[in-house]
2 protein chains.
Amino acid sequence: MNRKPTLAVVGATGAVGTVLLELLSTRQDVWGEIRLVASARSAGRRLVVRGVETEVVVLSEAAFEGVDVAMFDVPDEVSAQWAPIAAAKGAVVVDNSGAFRMDPDVPLVVPEVNAHAVRMRPRGIIANPNCTTLSMIVAIGALHAEFGLSELIVSSYQAASGAGQSGVDTLRDQLSKVAGTHLGTQPGDVRRTVGDFGPFPAPLALNVVPWAGSLREDGWSSEELKVRDESRKILALPELRVTATCVRVPVITTHSLSVHARFENEVTVEKAHEILRSAPGVVVTDNPAEGEFPTPADVVGTDPTWVGRVRRSMDDPNALELFVCGDNLRKGAALNTAQIAEVVAAEFVASHT
Amino acid sequence: MNRKPTLAVVGATGAVGTVLLELLSTRQDVWGEIRLVASARSAGRRLVVRGVETEVVVLSEAAFEGVDVAMFDVPDEVSAQWAPIAAAKGAVVVDNSGAFRMDPDVPLVVPEVNAHAVRMRPRGIIANPNCTTLSMIVAIGALHAEFGLSELIVSSYQAASGAGQSGVDTLRDQLSKVAGTHLGTQPGDVRRTVGDFGPFPAPLALNVVPWAGSLREDGWSSEELKVRDESRKILALPELRVTATCVRVPVITTHSLSVHARFENEVTVEKAHEILRSAPGVVVTDNPAEGEFPTPADVVGTDPTWVGRVRRSMDDPNALELFVCGDNLRKGAALNTAQIAEVVAAEFVASHT
Ligand SMILES: NC(=O)c1ccc[n+]([C@@H]2O[C@H](COP(=O)([O-])OP(=O)(O)OC[C@H]3O[C@@H](n4cnc5c(N)ncnc54)[C@H](OP(=O)(O)O)[C@@H]3O)[C@@H](O)[C@H]2O)c1
Ligand SMILES: NC(=O)c1ccc[n+]([C@@H]2O[C@H](COP(=O)([O-])OP(=O)(O)OC[C@H]3O[C@@H](n4cnc5c(N)ncnc54)[C@H](OP(=O)(O)O)[C@@H]3O)[C@@H](O)[C@H]2O)c1
């Protein structure tokens, strides 16, 4: 028997799902049947994947019949309920939600950093990291391999689409309301004008919002703790010092991070450039004299992690400052999911020939 | 003799000058004549200050005749040339440019932190710090007085007006071009659409730009070095460890900073709140459960430094994380200038009665 694996995309209609269908249509085609799954709200819609119109089916046990690999791009609670069901039906689940990332029996995988972990999946589930962590970790992982990471202090500049399609719709709607006005100069004038805040706790147009996710203890946001916990797990550094401040900015897609990274060993900018230039999945754009540094508007829609503004801390020969951009819907979600699923597909093919 | 001091506002037509005229019209009135000065481009324009239409005169030696205090809100090279001339004519100069800030014979003053330094002005010039430093330093100075500051790692979210009126005009123009479109999802689509970048090295609408100022050695921007050098000078901590990454965001006015501050002594969030609540010029808004944290759209047009998201680092009992917002045209420029000038005016009155 020599068939290609059957794939289910659960959450095919969402922000991440939409980019996944685009990637499945453009990357090397390793899949047999591709089944599109969403809620009853979208069942019956027809979406194009690999040039073929495909009907969206409703999430149910039957949807996993004969499925070898299932990508889950749905809210946490939907994954929590349905990923184990899909796994019980024999599918290997690659889950994009936060439901399983810290489960010790679920590997948290970034192929460029820890592809080997894919095989250790006692629950039949592999987790995809959160988009903020993913937007920096490929670059950080490469530097860690050379210099030995000891601390990360990170401030984020996160895009609206990190909050799903409703985040994008909200920002676009708010932008139409503030464009052409003289708002943004009096306290609260933007707040009173934009109307709906959508998934954000404050206006996002003409603003930045120092909050993402839900409240955890001691004033931390869930997003900030994810950056900490997931970086530690992916890098297999359970004691790594990590501090994050997560801030939303009025950008549609692509997260940026200002990173202060401290290492066991002394660093140089030259060596860091050399490591990053040869790291798979990383592009260095770092020549401010020519206006070269990554910005989200230039990085959006691309696969790699882009790194610029590499500087050695003036007070610490072991620390680097970096500005990193990554498309939160591609490497930050859909692309990493596709890469993990392709590793599983290769296993499948190897074991079925 | 018991007259009020005569004031000259040099650069009265600019972004900072405009806010200064507003402040001079609303704060306690300590001034005699107020003379408005700009370049030949604006001479003859009539601006309102204290409810009175006043004609703008051209910058010349004659403009400083009989002036006791001169506020300079003009580009560096104009200050460099004209501030010493005004001082030679007997005016005390309060300069907002970068021309004199690091001159050892010019004090760099933030009244809440080092008002005493105003008197030590051998050149007759007092410098006002850069807006990014000013947006955080009142809060940091208060915490330093209690805990003893040892390190700052700062990432900024800087508003367009930090680059002057042309920054604001550029952002508004770009926003009208991207609003109502589906831009921001393909690499370079925003770059190709917005046209003029104005004073910025990349599009600012639907983007963030990790650059402010000009290139200095080892890849640092002038803005990043200002945060370092000026923080050290204001706090009288010449060896303080300071690292900044300065990033422009699509906000009209009000700079935000994500600050990792390390101290000699152990900190607690409760104690930090208490110190900040009683610090003059600081407002604490820190209750994420109720959506309370500072954002630039709410802070713009107000005088204080707003502080929220206060957390103690999970890996370091001596470090705090803060998110700070300050109006870069008020406390970041015009307000601090007005406060310094008022200290000089009080001296003047004391010595003339
Ligand atoms: N956006 C990012 O940058 C990003 C990055 C990494 C990870 N993630 C994670 O990926 C997941 C999807 O995020 P997103 O941004 O794509 O969200 P989204 O735009 O809101 O899309 C949600 C998707 O889930 C489906 N869905 C919702 N409830 C369902 C239910 N009860 N049964 C079946 N399908 C249901 C929706 O289908 P309908 O059309 O039927 O409603 C839609 O396809 C989330 O867990 C998110 O945290 C997102
Ligand atoms: N924007 C901020 O957040 C901020 C904060 C702190 C400090 N500063 C500093 O404050 C200064 C002013 O900044 P800004 O943002 O207000 O700039 P701006 O909006 O560009 O205004 C510049 C002002 O300087 C005047 N000027 C320019 N060249 C002149 C010349 N040759 N002779 C006389 N006047 C001249 C202009 O008058 P015309 O109308 O005649 O051109 C205008 O009033 C700069 O040094 C800046 O670095 C700015």
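- The name given to chain A in an unreviewed UniProt entry is Aspartate-semialdehyde dehydrogenase, and the organism recorded there is Streptomyces fildesensis.
- In the Function (unreviewed entry) part of its UniProt record, chain A is described as follows: "Catalyzes the NADPH-dependent formation of L-aspartate-semialdehyde (L-ASA) by the reductive dephosphorylation of L-aspartyl-4-phosphate."
- Per UniProt, chain A carries the Sequence similarities (unreviewed entry) text "Belongs to the aspartate-semialdehyde dehydrogenase family."

### Regarding the site of ligand 1
Residue and element names in this part refer to chain A.
Here is step 1 of the chain: The environment of ligand 1 is formed by 27 residues, the closest being Thr 13, Ala 15, Ser 39, Ser 42 and Val 74.
Here is step 2 of the chain: Contact distances for ligand 1 include 2.5 Å between an oxygen atom and a side-chain N or O atom of Ser 39.
Here is step 3 of the chain: For ligand 1, the protein covers 80% of the area, taking 900 Å² as the surface of the free molecule.
Here is step 4 of the chain: Elements with a minimum of two residues in the shell around ligand 1: α1 (15-26), α2 (76-88) and α10 (330-351).

### Details of the relation of the copies chain A and chain B
Here is step 1 of the chain: Note on the identical chains: chain A maps onto chain B by a rotation of 180° and an axial translation of 0.0 Å, with an RMSD of 0.0 Å. Those values place the two copies in the arrangement expected of a two-fold rotation axis.

### Observations regarding the pairing of strand β12 (residues 305-312) of chain A
Regular strands place their side chains on alternate faces of the sheet.
Residue and element names in this part refer to chain A.
Here is step 1 of the chain: β12 sits mainly inside the fold: 6 of its 8 residues count as buried.
Here is step 2 of the chain: Sheet analysis places strand β11 (residues 282-284) next to β12, joined by 3 bridges and oriented parallel. Bridge pairing in β12 links Val 284 to Val 307.
Here is step 3 of the chain: Bridging between β12 and strand β13 (residues 319-326) involves 6 bridges; their strand directions are antiparallel. Each bridged residue has a counterpart across the sheet, and for Trp 306 the counterpart in β13 is Cys 325.
Here is step 4 of the chain: In this antiparallel pair of consecutive strands, β12 and β13, the connection spans 6 residues.

### Quick word on the interface of chain A and chain B
Accessible area lost during the coming together of the parts is what is often quoted as the interface size.
Here is step 1 of the chain: The partner chain B presents 73 residues to the 73 residues of chain A that form the contact.
Here is step 2 of the chain: A buried area of about 5,800 Å², summed over both sides, lies between chain A and chain B, and 60% of it is on carbon and sulfur atoms.
Here is step 3 of the chain: The tally of links from chain A across to chain B stands at 12 salt bridges.
Here is step 4 of the chain: With a shortest N-O distance of 3.9 Å, Asp 316 of chain B and Arg 241 of chain A are connected by a salt bridge.
Here is step 5 of the chain: A per-element tally of the side of chain A that touches chain B places strand β9 (residues 241-245) of chain A first, with 5 residues.
Here is step 6 of the chain: In terms of residue class, the side of chain A that touches chain B is built from 36 nonpolar, 23 polar and 14 charged.

### Concerning the packing of aromatic side chains
Here is step 1 of the chain: Scanning the model with the defined rule gives 9 aromatic pairs over all chains in all.
Here is step 2 of the chain: Relative to Phe 72 of chain B, the ring of Phe 64 of chain B lies with its centre 5.8 Å away and its plane at 10°, an arrangement referred to as stacked. When sorted by exposure, Phe 64 of chain B lands in the same class as Phe 72 of chain B, which is buried.
Here is step 3 of the chain: Members of the aromatic cluster, joined through ring pairs, are Tyr 157 and Phe 323 of chain A together with Tyr 157 and Phe 323 of chain B.
Here is step 4 of the chain: When the ring centre of Trp 220 of chain B is taken as origin, the NZ or CZ atom of Arg 311 of chain A, which lies over that ring, is 4.8 Å away.

### Things to note about the pattern of salt bridges
Here is step 1 of the chain: Evaluation of the coordinates by the stated rule reveals 50 salt bridges over all chains.
Here is step 2 of the chain: Among the ionic pairs, Arg 312 of chain A bridges to Glu 266 of chain A, the shortest N-O distance being 3.2 Å. With Arg 312 of chain A in strand β12 and Glu 266 of chain A in the loop between β10 (255-263) and α8 (269-278), this residue pair connects regions lying 46 residues apart in the sequence.
Here is step 3 of the chain: The class of Glu 266 of chain A is exposed, set by a relative accessible area of 51%.
Here is step 4 of the chain: For the salt bridge of Asp 315 of chain A with Arg 232 of chain B, the shortest nitrogen-to-oxygen distance reads 3.5 Å. On the criterion of chain membership, the pair formed by Asp 315 of chain A in the loop between β12 and β13 and Arg 232 of chain B in helix α7 (residues 222-235) is interchain, its members lying in two chains. Neither Asp 315 of chain A nor Arg 232 of chain B differs from the other in exposure class; each is buried.
Here is step 5 of the chain: Here the salt bridges do not stand alone but share partners, grouping Glu 151 and Arg 241 of chain A together with Arg 262 and Asp 316 of chain B into one network.

### A word on the site of ligand 2
Residues and elements named next belong to chain B.
Here is step 1 of the chain: In the neighbourhood of ligand 2, 27 residues make up the surrounding shell, with Thr 13, Val 16, Ser 39, Ser 42 and Val 74 lying closest.
Here is step 2 of the chain: Here an oxygen atom of ligand 2 and a side-chain polar atom of Thr 13 are 2.5 Å apart.
Here is step 3 of the chain: Contact distances for ligand 2 include 2.8 Å between an oxygen atom and a backbone N or O atom of Val 16.
Here is step 4 of the chain: Burial of ligand 2 by the protein amounts to 80% of the accessible area it has alone, namely 900 Å².
Here is step 5 of the chain: Elements represented by at least two residues in the shell around ligand 2 include exactly α1 (15-26), α2 (76-88) and α10 (330-351).
Here is step 6 of the chain: Of the residues in the shell around ligand 2, the class split is 11 nonpolar, 13 polar and 3 charged.

### Re the packing of helix α4 (residues 131-147) of chain A against α10 of chain A
All names here are of chain A.
Here is step 1 of the chain: Look at α4 against α10: their axes get within 8 Å of each other, and the N-to-C directions meet at 85°. In terms of axis orientation, α4 runs roughly perpendicular to α10. For the pair α4 and α10, contact is made by Cys 131, Leu 134 and Val 138 and by Lys 331, Gly 332, Ala 333 and Asn 336, respectively.
Here is step 2 of the chain: When its residues are assigned to classes, the contact of α4 with α10 shows 4 nonpolar, 2 polar and 1 charged.

Calculation notes
- Residues numbered from 1 in each chain as written.
- Chains lettered and ligands numbered in written order.
- Predicted model: local features only at pLDDT ≥ 70, side-chain atom pairs only at ≥ 80, totals over all residues.
- Heavy atoms only, no water.
- UniProt positions renumbered as here; feature names shortened; annotations may be inferred.
- Near = heavy atom within 4 Å.
- Polar contact = N/O pair within 3.5 Å; in protein donor to acceptor, adjacent residues only side chain to side chain.
- Areas by Shrake-Rupley, 256 points an atom, 1.4 Å probe, with all protein chains shown as cover.
- Helix = DSSP H or I, 4+ residues; strand = E, 2+ residues; numbered from the N terminus.
- Least-squares fit on C-alpha atoms with pLDDT ≥ 70 in both.
- Buried < 20%, exposed > 50% of the residue type's maximum accessible area, 1.4 Å probe, protein only.
- Pairing = 2+ DSSP bridges.
- Contact = heavy atoms within 4.5 Å.
- Buried area = accessible area lost by both parts, 1.4 Å probe.
- Salt bridge = Lys/Arg side-chain N within 4 Å of Asp/Glu carboxyl O.
- Nonpolar A, V, L, I, M, F, W, Y, C, P; charged D, E, K, R; others polar.
- Phe/Tyr/Trp six-rings, centres within 6.5 Å; stacked < 30°, edge-to-face > 60°.
- Lys NZ or Arg CZ within 6 Å of the ring centre and 35° of its normal.
- Axes fitted to C-alpha atoms, helices over the stretch in contact; angles between N-to-C directions.
- Parallel < 35°, antiparallel > 145°, perpendicular 65-115°, else oblique.

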